[in-house]
Amino acid sequence: AIDDLLKWLQIILPSPNNCPTSSKMIEKYFIENNNGKLYSICTKCSNIFDNLNENFDKCTNCQINELDQFYIFDIENQIKQILSNQKHVEQIIKSNKRGLYDKNTIYDAIDAQIYKEKIKNLAPNHLLVSLNLNSDGAPISNSRNFKLWPMLACIIELEEATRESFKNLVFLGVWLSKNKPVY
């Protein structure tokens, strides 16, 4: 299961990258370099523990030792990488303008009234970049011991084909559990 995650990370991280090759290297790379944060969550009471400050093997609230793991990635660099492509920025500008002027047609989330209000109140020379969050309800890996559930996002201002391209997905986090996520 971890091998599948590492292959996926190799693909989504900007190139060149030093993607970790083991779970210990993942922990070292992301946690020690402040690229994300690992949490443990009690499967019984949903108590959340910050793994950076404390080392938990059981819940301090209900004393059971069944803890799920949730890792949150730093998304800033991922979004910067996507926006470093000038064509992507041009698509966002076009979407922002469409949100201002197209009054009657709904093609996408950017055509909704709330979105249009945000665009109207946007300072000059600023762009609105919105994320559509997704966890498709299916684990990317399934073993007898745990399931690995990815949490992803895409920038809705990008054209549909662009935002759905795997290289333009934003990897928000991953849930490791014997059960479905509780988020």
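Being a predicted model, the structure only gives us computed values, none of them experimental.

Cut-off values and rules
- Residues numbered from 1 in each chain as written.
- Predicted model: local features only at pLDDT ≥ 70, side-chain atom pairs only at ≥ 80, totals over all residues.
- Heavy atoms only, no water.
- Helix = DSSP H or I, 4+ residues; strand = E, 2+ residues; numbered from the N terminus.
- Buried < 20%, exposed > 50% of the residue type's maximum accessible area, 1.4 Å probe, protein only.
- pLDDT = per-residue confidence, 0-100.
- Patch = residues over 30% accessible without salt bridge, like charges linked within 9 Å, V, L, I, M, F, W, Y side chains within 5 Å.
- Areas by Shrake-Rupley, 256 points an atom, 1.4 Å probe, with all protein chains shown as cover.
- Salt bridge = Lys/Arg side-chain N within 4 Å of Asp/Glu carboxyl O.
- Polar contact = N/O pair within 3.5 Å; in protein donor to acceptor, adjacent residues only side chain to side chain.
- Contact = heavy atoms within 4.5 Å.
- Arc of directions from axis to C-beta.
- Pairing = 2+ DSSP bridges.
- Disulfide = S-S within 2.5 Å.

Chemist: Give a description of the overall build of the protein that names residues and reports values.
Modeler: A count of helical and extended segments in the protein gives six helices and seven strands. Ordered by position from the N terminus, the helices and strands of the protein form the series α-α-β-β-β-α-α-α-β-β-β-α-β. Counting every position in the protein, which comprises 183 residues, the buried fraction comes to 36%.

Chemist: Tell me about the confidence of the model for the protein, and please be specific about residues and values.
Modeler: Of the residues in the protein, 69% reach a pLDDT of 70 or more, and the chain-wide mean stands at 78. Of all secondary-structure elements in the protein, the lowest mean pLDDT belongs to strand E5 (residues 141–142), at 54, while helix H3 (residues 76–83) reaches the highest, 92.

Chemist: Account for unusual backbone geometry, naming residues and giving values.
Modeler: Despite not being glycine, Gln-63 has its phi angle at roughly 65 degrees, a positive value. Inspection of the secondary structure puts Gln-63 in the loop between strand E2 (48–50) and strand E3 (67–73). The residue Asn-125 is not glycine, and still its phi comes out positive at about 65 degrees. Take Asn-125: its relative accessible area is 85%, and that puts it in the exposed class.

Chemist: Kindly report on a nonpolar patch on the surface, identifying the contributing residues and their values.
Modeler: Nonpolar side chains collect at one region of the surface, where Ile-93, Leu-127 and Val-129 lie side by side and expose about 200 Å² of accessible area between them. Inspection of the secondary structure puts Leu-127 in the loop between helix H5 (113–120) and strand E4 (131–134).

Chemist: Can you break down the side chain of Thr-162 residue by residue, with the values?
Modeler: For Thr-162, the location among the structural elements is in helix H6 (residues 160–163). Of note is the side chain of Thr-162, whose polar atom sits 3.1 Å from the side chain of Gln-91. In this structure Thr-162 touches His-88, Gln-91 and Asn-168, once residues within four positions along its chain are discounted.

Chemist: Which residues make up H5, and what values go with them?
Modeler: Within H5, burial applies to Tyr-115, Lys-116 and Ile-119. The buried residues of H5 occupy an angular sector of 100 degrees when projected down its axis, which confines them to one face. Of the exposed residues in H5, those oriented more than 90 degrees away from the buried face are Gln-113, Ile-114 and Lys-118.

Chemist: Give me the lowdown on the pairing of E3, citing residues and values where you can.
Modeler: Counting buried residues along E3, five of its seven residues qualify, which places the element largely inside the surrounding structure. Judged from the seven bridges that link them, strand E1 (residues 36–42) and E3 form a sheet pairing that is antiparallel. The residue of E3 that forms the bridge with Lys-37 is Ile-72. For E3 and strand E7 (residues 170–177), the ladder comprises four bridges, and the chain directions are antiparallel. Bridge assignment links Gln-69 to a residue of E7, and that residue is Leu-176.

Chemist: Explain the environment of Leu-38 residue by residue, including any values.
Modeler: Relative to the elements of secondary structure, Leu-38 occurs in strand E1. A relative accessible area of 15% places Leu-38 in the buried class. Sequence separation between Leu-38 and Asp-50 is twelve residues; the distance between their C-alpha atoms is 6.7 Å.

Chemist: Describe in detail the side chain of Ser-130, supporting the description with residues and values.
Modeler: Here Ser-130 lies in the loop between H5 and E4. Not counting the four nearest positions on each side in its chain, Ser-130 is found in contact with Tyr-115, Cys-154, Ile-155, Ile-156 and Glu-157.

Chemist: Please give an account of H3 that cites residues and values.
Modeler: Along H3, the residues classified as buried are Gln-78, Ile-79 and Ile-82. Projected down its long axis, H3 carries its buried residues within an arc of 95 degrees, all on one side.

Chemist: A description of the state of the cysteines should follow, citing residues and the corresponding values.
Modeler: Considering all chains together, one arrives at zero disulfides under this definition. Here Cys-59 is not cross-linked by a disulfide; its sulfur's nearest cysteine counterpart is in Cys-45, at 3.6 Å. The class of Cys-59 is buried, set by a relative accessible area of 0%.

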